Amino acid sequence: MNAQAALSRRGFLKLSAIAAGSVFLPPLPWEQEIESASRGALARVTIHAIHRYRQPSFTSERLGSLKRNEIVEIYQEIEVPEGPAHNPFWYRLSQGYVHSGFLQRLDGVHLNPNPLTSVPEKGQLAEVTVPFTRSYRRMGAARWTPLYMLYYQSVHWITAVEEGPDGSPWYRLTDDRLHVHTWVPAMHLKPIGAGETTPLSPFVPEEEKRIEISLKNQTLTAFEGDQIVFQTKVSTGIKSIKPSPNGIPTETPAGSFYVQTKMPSRHMGDGVLTDDVEAYELLGVPWACFFHKDGLALHGAYWHNHFGRPMSHGCVNLRVKDALWVYRWTKPVIAAGKWYVRERGTRIVIRES
């Protein structure tokens, strides 16, 4: 990794300094883990807690637990015949093993030392490139209150570049759902260039493109005519044992649909202003292609690695890189800089088999 772009303690501490007035920004806990990492890959715990085991098996002795947002160093990835079948990969840590299902790999995390000095009038799309960053609301000249945590690979709209509470450049983000402003250190986000979202196979006739999703096999397959051009594992909705609070079923419905709305960034969850990392708030869900009246979409999921089994509240979860491929390949085409496009596009067939 380029030394200028790599995470450095000196660069990070500058962002975590005591600000003007009486504002104090506590350092984010990933700094020390990343600086001390020696030879392994890194990953973030994405749920409340996961267990470490003596051997790569859920029946092995438990050695303890790892909490949400802990950063772990991975020394080896192991494919275990005993599975689970949909995701048989385990990671060897310095002490014991953990299953990969609720760890987000942090391959390529970095700071961005050359922030933008201005953004287009309608905003600039950007991706979080650090394990996570705390967003803040500005409540007054010297009063900044913590809000959502934003995670690696999530995508957000920058609407201004301003001086932050530590005197360095911060990006003002605008939430696409609640329309509130929050601020984060500019070094924690990378602007997404127009070339990164250009359409794939744009000259293939619309009627020739279709997506087929198998609920049984938990796969997504993209076709151009009769030719398969892309296939990947997905996670569809978990069947509800009892009605959900909003009355919308959490199982992904079978049937024939069309992409109706595309959004590069979407705030999903309850839509509550909170700094609670355990709240059901998914900020900057990337590359959403909505296909159902109940708000169901194909989209990237940065909060689990259990693709191949149902995991969602009705949407179709994909790895972030796979979701970007689908977003670029499907119609309607959404121009760079647009927050959404709404028109009938690529056909989606969801089958039970």
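Before any of the text, the structure's been laid out above.
Please read all numbers here as calculations on a predicted model, not as lab measurements.

> Break down helix α3 (residues 320-329) for me, with residues and values.
Counting buried positions along α3 yields seven of 10 residues, so the element is predominantly enclosed. Among the residues of α3, those classed as buried are Val320, Asp322, Ala323, Val326, Tyr327, Arg328 and Trp329.

> Give a detailed account of the pattern of salt bridges, specifying residues and quantitative values.
Side chains that differ in sign of charge can pair as their charged atoms come close. A complete count under the given rule lists 12 salt bridges for this structure. With its nearest N and O atoms 3.4 Å apart, the salt bridge here joins Glu212 to Arg351. Linking Glu212 in strand β16 (residues 209-214) with Arg351 in strand β25 (residues 347-351), this pair joins segments that are 139 residues apart in sequence. One salt bridge connects Lys321 with Asp322, and the closest N-O pair in it is separated by 3.2 Å. Using a relative accessible area of 61% as the deciding quantity, one classes Lys321 as exposed.

> Just give me the short version of the side chain of Thr159, but keep the residues and values in it.
Counting through the fold element by element, Thr159 comes out in strand β12 (residues 155-163). Note on Thr159: relative accessible area 17%, which makes it buried. There is a polar contact of 2.7 Å between the side chain of Thr159 and the side chain of Thr174. When sequence neighbours within four positions are dropped, the list of residues in contact with Thr159 reads Val119, Gly123, Arg172, Leu173, Thr174, His181 and Trp339.

> Go over the nonpolar core with me, naming the residues and quoting the values.
Counting 67 residues, the largest nonpolar core has Ile211, Leu220, Leu298 and Ile348 as the members making the most contacts within it. When residues in this core are grouped by element, the largest group, seven residues, is from strand β21 (residues 281-290). Leaving out residues up to four positions away in the same chain, Leu298 has contacts with Ile211, Ile213, Leu220, Trp287, Ala288, Cys289, Phe291, Val316, Leu318, Val326 and Ile348. Membership of the second largest hydrophobic core comes to 10 residues, among which are Val45, Tyr91, Leu93 and Val98.

> Can you break down the environment of Lys262 residue by residue, with the values?
Within the secondary structure layout, Lys262 lies in strand β20 (residues 261-269). We classify Lys262 as buried; its relative accessible area is 1%. When sequence neighbours within four positions are dropped, the list of residues in contact with Lys262 reads Ala288, Cys289, Tyr327, Thr330, Lys331, Pro332, Ile334, Trp339, Tyr340 and Val341. A polar contact of 2.6 Å, which involves the side chain of Lys262, links it to the backbone oxygen of Tyr327.

> Break down the sheet that holds strand β8 (residues 103-105) for me, with residues and values.
In space, the three strands of this open sheet follow the order β4-β1-β8, with antiparallel pairing throughout. If you trace the sheet from one side to the other, it starts and ends with β4 (71-74) and β8, each paired once. Within the sheet, the average angular offset between the axes of one strand and its neighbour, ignoring direction, is 35°. As paired strands, strand β1 (residues 41-45) and β4 are joined by four bridges and run antiparallel to one another. Residue pairing in the sheet places Ala43 in a bridge with Val72 of β4.

> Tell me what's going on with the sheet that holds strand β22 (residues 297-300), and back it up with residues and numbers.
As summarised here, the arrangement of the five strands in space is β23-β22-β21-β20-β24, forming an open sheet in which the pairing is mixed. If you trace the sheet from one side to the other, it starts and ends with β23 (316-318) and β24 (341-342), each paired once. With three bridges connecting them, β22 and β23 associate as parallel partners. Bridge pairing in β23 places His299 opposite Asn317. Those strands touched by α3 are β20, β21, β22 and β23, and its axis lies near 40° from that of β21.

> With reference to specific residues and values, describe the state of the cysteines.
For the coordinates displayed, the defined rule picks out zero disulfides. Free of any disulfide, Cys289 has its nearest cysteine sulfur in Cys315, 11 Å distant. What makes Cys315 buried here is its relative accessible area of 11%.

> So what's going on with the pairing of β1? Which residues, and what values?
Where burial is concerned, most of β1 is hidden: four out of the five residues are buried. Note: β1 against β8, three bridges, orientation antiparallel. Paired with Ala43 across the two strands is Arg105, which belongs to β8.

Parameters and conventions
Residues numbered from 1 in each chain as written. Predicted model: local features only at pLDDT ≥ 70, side-chain atom pairs only at ≥ 80, totals over all residues. Heavy atoms only, no water. Buried < 20%, exposed > 50% of the residue type's maximum accessible area, 1.4 Å probe, protein only. Helix = DSSP H or I, 4+ residues; strand = E, 2+ residues; numbered from the N terminus. Salt bridge = Lys/Arg side-chain N within 4 Å of Asp/Glu carboxyl O. Polar contact = N/O pair within 3.5 Å; in protein donor to acceptor, adjacent residues only side chain to side chain. Contact = heavy atoms within 4.5 Å. Core = buried A, V, L, I, M, F, W, Y, C linked by side-chain atoms within 4.5 Å. Pairing = 2+ DSSP bridges. Axes fitted to C-alpha atoms, helices over the stretch in contact; angles between N-to-C directions. Disulfide = S-S within 2.5 Å.

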